[in-house]
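An overview of the molecular structure
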Amino acid sequence: MKRRLPDVLQRLERGGLETSTHATVGEGDATLAAAEAVERGFDIIIAAGGDGTLYEVINGMAEKENRPPLGIIPLGTTNDFARALGIPRHWDAAVDVILQQYTVAIDVGKVNHRYFINIAGGGSLTELTYEVPSKLKTMIGQLAYYMKGLEKLPRLRPIKLNIMTDAGEMQEEVMLFLISNSNSVGGFERLAPDASLSDGLFDMLILRKCTLPEFIRVVTLALRGEHLDDPNIIYLQTKFVQVTSPDYVQINLDGEFGGTLPCVFTNLPRHLHIFVDETGQSSYKQTGLPLPHLPNLPNLQQLNLKLPWKHKGGHDEDEQDKQDKE
Ligand SMILES: [Mg+2]
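Source: prediction; values computed, not measured. (Residues numbered from 1 in each chain as written. Predicted model: local features only at pLDDT ≥ 70, side-chain atom pairs only at ≥ 80, totals over all residues.)

**Some thoughts on the nonpolar core**
The test is simple: Defined on buried residues, the nonpolar core groups Ala, Val, Leu, Ile, Met, Phe, Trp, Tyr and Cys residues joined through C-beta atoms within 7 Å. Whether a residue is buried, exposed or partly exposed is read from the other C-beta atoms within 10 Å of its own C-beta, which are placed from the backbone; 20 or more gives buried, 12 or fewer gives exposed, and intermediate counts give partly exposed. For the domains described, the bounds stem from an automatic or database domain assignment. Once C-beta atoms have been placed from the backbone, residue pairs whose C-beta atoms lie within 7 Å are recorded as contacts.
With 74 residues, the main nonpolar core has Ile-58 and Phe-177 as its most contacted residues. For this core, the domains that each give at least three residues are domain 1 (5-102 + 276-325) and domain 2 (114-267). Excluding its chain neighbours within four sequence positions, the residues that come into contact with Phe-177 are Gly-121, Gly-122, Gly-123, Leu-161, Met-204, Leu-205, Ile-206 and Val-243.

Laid out in structure tokens, this is it:
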């Protein structure tokens, strides 16, 4: 990533944006940098990194009153949210999306005092994403999650939950629960097929207590997006969820550790504006593009940008190098 920084800045400046960068130095630093950028009145904030960076940046922005639009340059090991929004995976195409200055408003999930934009979950399975060492993530990317998942399967244990939603209250023994904002999470492209990022509703999926063969069947169905009718699945849409448990249950927010139950999840409708491709034609897989001809935009000349670069433990650094080889 550091190697790519001058190219990214040059392309932004050729597009008429005056930039200021921040290289993050560790966990939580992107949150502080984003909060400071909002307070200092920057017109745009750009998160360059993966889902972990984005999670930190939105946590720095979400509580502020005047939130500038957010650009995403997906340079991490996992970029679920960028993919859900069709933000191109290659850095130059992603920069061009920002330069086009077209935004959509998206919902943000609030959990106790934290925020998420992609997915929240709890249960023994969801504990695995942050258990994967970051070095392993860099080496084998997404595969690391599945390997860790397979290793953990026999250790799955049900948890007792009391769940309150817009529809009422229920007590269930469950393997895991997911509260999704987008429809695509962690390699499951159709986890919540009807989820919308801007309808003010969470898509909630609950997997009831089941046997290991049933669990594997549901996961297989979920890979194809055919799991919602399975008797082991409870699916609903809701603005509000309160979850309590007599068990110790960790919460995962956008792939990061997000505290433990009890939790109150509230949907903040259309809370953040994110730069996306207006034509809807770009995709996460799109690769390098020539710099487009851009008209002179005098009102953009004085814009300041904040770039919370992230290289926590160095694991985001070489992702673009890998992409370039693909
Ligand atoms: Mg929604």
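The rest of the description comes next.
**Side note on helix α8 (residues 212-223)**
Formally: Numbered from the N terminus, helices here are DSSP runs of H or I no shorter than four residues, and strands are runs of E no shorter than two. The span expected for a helix works out to 1.5 Å for each residue beyond the first.
Under the 1.5 Å per step criterion, the end-to-end length of α8 is 17 Å for twelve residues, consistent within 8% with the ideal 16 Å. Just downstream of α8 lies Gly-225, where phi reads positive at about 75 degrees.

**Examining the pairing of strand β12 (residues 250-253)**
The criterion, for reference: At least two DSSP bridges between two strands are needed for those strands to be called paired.
Relative to β12, strand β6 (residues 119-123) runs antiparallel, the two sharing three bridges. Considered in β12, the bridge of Gly-122 is made with Ile-251. With three bridges connecting them, β12 and strand β13 (residues 256-260) associate as antiparallel partners. Bridge pairing in β13 places Leu-253 opposite Glu-256. Linking β12 to β13, which pair antiparallel, is a turn of two residues; within it Asp-254 sits at a positive phi near 50 degrees.

Geometry only, nothing functional implied.
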